[in-house]
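The lines below spell out each chain.
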Amino acid sequence: MEKLFSYGTLRSKQIQMQIFNKVLTGTADQLLGYKLKSLQIEEEFGMADYVVAIPSENAAETIHGVVFNVTNADLAKVDLFESNSYRRIQVKLKSGIVAWVYTENK
């Protein structure tokens, strides 16, 4: 099993059903040294507002979210779901868990 840290859309049970055809089980965790940045993404019916994790100059800055257990197949589905504005990287969470997270694609 892989770990996936979500701070946004992927926490929605409706989105999980849409992507994975199941609801994920997760626990609260935190990503240290990152902050959220507003992001507009063009979608089928216009622009939509999202957030994206970016490194912070302040190591104490924190993003609260949920870490989920996922399969490699699940990760592949999320890669297709996320726009080109995001890229998946591995990070160490406050709990010590190493997880995948989607950050700004620069």
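All values reported here derive from a predicted model rather than from experimental measurement.

In an α-helix there are 3.6 residues to a turn, and that puts residues three or four apart on one side. For helix α2 (residues 72-81), every residue scored as buried is listed here: Asp74, Leu75 and Val78. Projected down its long axis, α2 carries its buried residues within an arc of 100°, all on one side. Residues of α2 that are exposed and point more than 90 degrees away from the buried face comprise Asn72 and Leu80. Among the structural elements, β1 (2-6), α1 (13-20), β5 (62-70), β6 (86-92) and β7 (98-104) are those in contact with the buried residues of α2.

This part is about the environment of Glu82. Looking at where Glu82 falls in the secondary structure, it is placed in the loop between α2 and β6. Separated by 22 residues in the primary sequence, Glu82 and Glu104 place their C-alpha atoms 11 Å from one another. Here Glu82 is in contact with Leu10 and Tyr102, once residues within four sequence places are set aside.

What counts, and where the lines are drawn
- Residues numbered from 1 in each chain as written.
- Predicted model: local features only at pLDDT ≥ 70, side-chain atom pairs only at ≥ 80, totals over all residues.
- Heavy atoms only, no water.
- Buried < 20%, exposed > 50% of the residue type's maximum accessible area, 1.4 Å probe, protein only.
- Helix = DSSP H or I, 4+ residues; strand = E, 2+ residues; numbered from the N terminus.
- Arc of directions from axis to C-beta.
- Contact = heavy atoms within 4.5 Å.

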